[in-house]
Amino acid sequence: MAPAPPAPGIVTTASSLTDISDAFRSAAEPALGILVGRFRASMAGPLWMRLPAPTVVRLTGMPGWWGKEFALPGADDETLHGHNLVEGHGTLTPSLPMTARLGTSRLDARAALLLTYPADTPRPWRHVTDEVRGLGDGRLLGLSYDIVPGIPTGVPFLLEPDDAAQRPST
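Residues numbered from 1 in each chain as written. Predicted model: local features only at pLDDT ≥ 70, side-chain atom pairs only at ≥ 80, totals over all residues. Heavy atoms only, no water.

Quick word on the overall build of the protein
Assigned secondary structure in the protein consists of three helices and eight strands. Each helix (α) and strand (β) of the protein, taken in turn from the N terminus, gives the series α-β-α-α-β-β-β-β-β-β-β. Every one of the 170 residues in the protein was classed for burial, and the buried ones make up 39%. A fraction of 52% describes how many contacts in the protein between residues 6 or more apart in sequence connect residues 24 or more apart. Only carbon and sulfur atoms are counted for the fraction: they give 59% of the accessible area of the protein, which is about 9000 Å². (Helix = DSSP H or I, 4+ residues; strand = E, 2+ residues; numbered from the N terminus. Buried < 20%, exposed > 50% of the residue type's maximum accessible area, 1.4 Å probe, protein only. Contact = heavy atoms within 4.5 Å. Areas by Shrake-Rupley, 256 points an atom, 1.4 Å probe, with all protein chains shown as cover.)

Listed below in structure tokens is the structure:
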């Protein structure tokens, strides 16, 4: 027997691009603080996007991509500083650095958190922008733009707060 489909408006890793885009559009405008902490990532979207995603991420310099982590901003800072996390041998290690700030989404021209990578980051990451909004249930929905040239839509991913804060990282 096939599993029951998710309730309308609920985003899962297997949601369609239409459902993901609709959820992103209907999400409340985010505050920078929703990104503070450590988040485990899952690729989302139709199987044709999820299936090659680990290979694409590995080939572009982040084998074992696990998620993202951001620290609190400085006193007057409107930017968060963070990094991607990769997992190897049971340990999380910081990988590519990134910054987050409020900006305008490509999808709907509304406010979103824009995650960008430094200019000296290896390709394709220096050209990638992740857009993030909260889903209201603690999870964050992200769309990665320009990770694969020629794909005009954002490649979707979900970020879930890491409850295992004691997990070792270097």
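Here we look at the confidence of the model for the protein
Of all residues in the protein, 89% have pLDDT values of 70 or greater, and the mean over the chain is 87. Mean pLDDT across the secondary structure elements of the protein bottoms out at helix H3 (residues 53-59), with 86, and peaks at strand E5 (residues 111-116), with 97. Within the model, the stretch residues 1-8 combines pLDDT values under 50 with one contact to residues more than four positions away or in other chains. Every residue in residues 166-170 is under pLDDT 50, and counting partners more than four places away or in other chains gives 16 contacts. (pLDDT = per-residue confidence, 0-100.)

Some remarks on unusual backbone geometry
Residue Pro124 is reached from Arg123 by a cis peptide bond, and omega for that bond is 0°. Here Pro124 shows up in the loop between E5 and strand E6 (129-134). Phi is positive for His89, close to 55°, though the residue is something other than glycine. Inspection of the secondary structure puts His89 in the loop between strand E3 (80-88) and strand E4 (91-104). On the basis of relative accessible area, His89 is assigned to the exposed category, the value being 87%. The backbone phi angle of Ala109 is positive, close to 60°, even though this residue is not glycine. Relative to the assigned elements, Ala109 resides in the loop between E4 and E5.

Focus: the side chain of Asp130
With respect to the helices, strands and loops of the structure, Asp130 is situated in strand E6. Reaching out from Asp130, the side chain makes a polar contact with the side chain of Lys68 at a distance of 2.9 Å. At 3.1 Å, the side chain of Asp130 forms a polar contact with the side chain of Tyr117. With residues near it in sequence (within four places) discarded, Asp130 still touches Lys68, Leu113, Leu114, Leu115, Tyr117, Leu143, Ser144 and Phe157. (Polar contact = N/O pair within 3.5 Å; in protein donor to acceptor, adjacent residues only side chain to side chain.)

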